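Remarks on the overall topology
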Amino acid sequence: MHAIDVKDLRKQFKVQKNREGLSGALKDLFKRDYREVTAVKDISFQIPQGEICGYIGENGAGKSTTIKMLTGILVPTSGELKVNGFIPYKEREKFVNGIGVVFGQRSQLWWDIGVIESFQLLRKVYRVPEAEFKKRLDNLVERLQLGDLLNRPVRKLSLGQRMRCELVASLLHNPSILFLDEPTIGLDIVVKTEIRDFLLEMNRQEGTTILLTTHDLQDIEALCSRVIMLDDGQIIYDGGLDELKTRWSKGREIQFQFGSHTSLTKLQALTAGLAVSWTIDNDVTAKMFVPHEVSVSEAMGRVVGGAEIRDIKIFETNTDEIVRGIYQTGSAEASSGTVAKQPAEAMEVKKEEVASP
Ligand SMILES: Nc1ncnc2c1ncn2[C@@H]1O[C@H](COP(=O)(O)OP(=O)(O)OP(=O)(O)O)[C@@H](O)[C@H]1O
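Per chain, the residues get numbers from 1 upward, laid out in the order the sequence is written. For this predicted model, a pLDDT threshold of at least 70 governs which residues receive local features, and a threshold of 80 or more governs which side-chain atom pairs are given and counted, while totals over whole chains, interfaces and linings are taken from all residues.

Naming follows an unreviewed UniProt entry, where the chain appears as ATP-binding cassette domain-containing protein of Paenibacillus chungangensis.

**Remarks on helix α5 (residues 130–143)**
The test is simple: Only DSSP runs of H or I with at least four residues qualify as helices, and only runs of E with at least two residues qualify as strands; both kinds are numbered from the N terminus onward. Under the convention used throughout, the expected extent of a helix is 1.5 Å for every residue step, that is, one less than its residue count.
Over its 14 residues, α5 extends 20 Å from the first C-alpha to the last, a length consistent with the 20 Å expected when each residue adds 1.5 Å. Q145 lies just past α5 and shows a positive phi near 50 degrees.

**Things to note about the UniProt feature "domain: ABC transporter" (unreviewed entry) in the chain**
Here is the rule: UniProt positions are given in the numbering used here, feature names are shortened, and annotations may be inferred rather than shown by experiment.
Per the UniProt record, "domain: ABC transporter" (unreviewed entry) is found at residues 24–257. Helix and strand shares over residues 24–257 are 39% and 26% respectively, and the end C-alpha atoms of the span are 69 Å apart.

**Structural notes on the pairing of strand β1 (residues 4–17)**
We count it as follows: A pair of strands is treated as paired once DSSP finds two or more bridges between them.
Alignment of β1 against strand β4 (residues 78–83), held across five bridges, turns out to be antiparallel. Residue V6 lies in a different strand from β4, and its bridge partner there is L81.

**So, the site of the ligand**
Applied cut-off: Near, as applied to residues and a molecule or strand, means the residue's backbone-placed C-beta atom lies within 6 Å of it. In this classification, the charged set is Asp, Glu, Lys and Arg, the nonpolar set is Ala, Val, Leu, Ile, Met, Phe, Trp, Tyr, Cys and Pro, and all remaining amino acids, among them Gly, are polar.
Around the ligand, the neighbouring residues are F13, V15, V37, A39, G57, N59, G60, A61, G62, K63, S64 and T65. Listing elements by their share of the shell around the ligand, those giving two or more residues are β1, β2 (33–47) and α2 (63–70). At three residues, α2 tops the list of elements feeding residues into the shell around the ligand. In terms of residue class, the shell around the ligand is built from five nonpolar, six polar and one charged.

**A look at the sheet that holds β1**
Cut-off, in case you're wondering: Lines are fitted to the C-alpha atoms to define the axes, a helix being fitted only along its stretch in contact, and any angle between axes, read from their N-to-C directions, falls within 0 to 180 degrees. A pair of residues counts as a contact when their C-beta atoms, built from backbone coordinates, are separated by no more than 7 Å.
Spatially, β2-β1-β4 is the arrangement adopted by the three strands of the open sheet, whose pairing is antiparallel. The sheet is open, and its two borders are formed by β2 and β4, each paired with just one other strand. Mean inter-strand twist for the sheet, computed between neighbouring axes without regard to direction, equals 30 degrees. The sheet contact formed by β1 and β2 spans 11 bridges and is antiparallel. Paired with K17 across the strands is D33, a residue of β2. The strands that α2 touches are β1, β2 and β4; relative to β1, the one it contacts most, it runs at about 115 degrees.

**Points about the confidence of the model for the chain**
Short version of the rule: Each residue gets a pLDDT score, which is the predictor's confidence in that residue and runs from 0 to 100.
For the chain, mean pLDDT is 86; residues scoring 70 or higher make up 91% of the total. The secondary-structure element of the chain with the lowest mean pLDDT is helix α13 (residues 333–336), recorded at 42, while β4 shows the highest, at 96. Low pLDDT, under 50, characterises residues 332–354; the predicted model gives this stretch 45 contacts beyond four residues in sequence or across chains. The complex model carries a pTM of 0.78, and its ipTM stands at 0.97.

In structure tokens:
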């Protein structure tokens, strides 16, 4: 059984149209016009147990709407979804025991009471036996170094401290799937690193499945072996991070430090016939850009065979730049021919939009 199984999932919202001017406002009072916004357009994917998958896309791509459907907050307009074998919006009571959720911009802790009291309340909500709760809490408190924060009210915590508490809160009932929506937003690099290390360790030790939405691609680099990219409600890429880099990076840059004075003419002569380009940094340092269609080893071989080399640096492809490039060009399908599908014809909203509590 997959941890998450989604087939042709779609979500449409009815949004009220506002007519212009005073007469428009008056007309709106008597007869409202609506338009439909399709936030998620018939997407399909499966996530096996124990995987950490990044779910990325520009603002408004449909990430949060998907997470809300997966966690039972929203009812899909059409399509199928199963999380831990349950249909989230139908079987909520059984379902919530197996999942943990952290929304980076919203707290699940009570603002004015001590952290430990919030945890105790959550223990009751999830019906975790006291002994099991204590064992789990001690372990999480140690791993996330929360010791002296437990008695403070949440409103007195820094963002980093609160986020570590949010993680503990989401894990107290030992869920097998964790949904994280922007878990490192606004945090400094030290706390971000602590949280990433903790998540990795938990995934390795306990096999927790994690679906992570983030705008911080370093989160993805640090944690995810797989990434699903959304654009305008559709999946435009689903695969490995390395493959994403290879497929969309334009090439590699290699910096050489030479043993003696060099020049553009000399370097171009060395790589004559290859479609590489050179930039001179100073008398002894230059960068060679090798596009994908040219073999890196052949290009390097030519330079190494024809000049005295002191040092070579190969620059890693920068995921930020690649992903931003894909966003800017609109749909990545244009350049890749990956998963993307055409949206189905608009469908009527058949069910309640928001799941009943
Ligand atoms: N309750 C709602 N009513 C109407 N439209 C909505 C509602 N929720 C989301 N939308 C619309 O659906 C689209 C997808 O929104 P969603 O919040 O899922 O995107 P996102 O990828 O999570 O964006 P962000 O990165 O900004 O959080 C947007 O056009 C948004 O305006």
